[in-house]
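Report on the structure
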Amino acid sequence: MNREKINANYQTEEKMMILIYAQWCVNHGLDPVMLYEKAYPGQGKNNLLVEAVAQTVSPDESEHISDATLLNALHVFENVDLAFVVQKEIEKRDKAQ
């Protein structure tokens, strides 16, 4: 497999991970951009995240995305800081239930 194809595959998978994250946030009534900024303060606008947010659907139209699925996807792409923030939101949600 050549380098360009590997890079293209990685970028496609990264976009899917970002969409999973954004949709999970929407499904749980959370702002994906705000959570991202909490994890990565001062990083500035993430254009891939903005694109992903535009592609999300209402929670009623979405497939269920488990917490584990999201956390695994974030770890695969080494988004450890974002996974930490997401985990805190999961814990907060679970305490409220």
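That block above? That's the structure.
This report concerns the structure included in the present document. Only a predicted model underlies this, so the values are computations on that prediction, with no experimental measurement involved. (Residues numbered from 1 in each chain as written. Predicted model: local features only at pLDDT ≥ 70, side-chain atom pairs only at ≥ 80, totals over all residues. Heavy atoms only, no water.)

Those residues of helix H2 (residues 32-39) that sit buried are Pro32, Leu35, Tyr36 and Ala39. End-on view of H2: buried residues confined to an arc of 100°, all on one side of the axis. For H2, the capping residue at the N-terminal end is aspartate 31, with a side-chain oxygen 2.9 Å from the backbone nitrogen of valine 33. (Buried < 20%, exposed > 50% of the residue type's maximum accessible area, 1.4 Å probe, protein only. Helix = DSSP H or I, 4+ residues; strand = E, 2+ residues; numbered from the N terminus. Arc of directions from axis to C-beta. Polar contact = N/O pair within 3.5 Å; in protein donor to acceptor, adjacent residues only side chain to side chain.)

Tracing the backbone shows glutamate 63 in the loop between helix H3 (47-55) and helix H4 (67-76). Taking the C-alpha atoms as reference, glutamate 63 lies 24 Å from glutamate 78; in sequence the two are 15 residues apart.

A separate point is the pattern of salt bridges. All chains considered together, the criterion is met by five salt bridges. Ionic pairing is found between aspartate 67 and arginine 93, a salt bridge with its closest N-O pair at 2.5 Å. Within this pair, whereas aspartate 67 is found in helix H4, its partner arginine 93 is found in helix H5 (residues 80-96), the two being separated by 26 residues in sequence. By relative accessible area, which is 18% here, aspartate 67 ends up buried. The partner of aspartate 94 in a salt bridge is arginine 93, and the shortest N-O contact between them spans 3.2 Å. Assessed through its relative accessible area of 41%, aspartate 94 is described here as partly exposed. (Salt bridge = Lys/Arg side-chain N within 4 Å of Asp/Glu carboxyl O.)

Any link to function would need more than the numbers given here.
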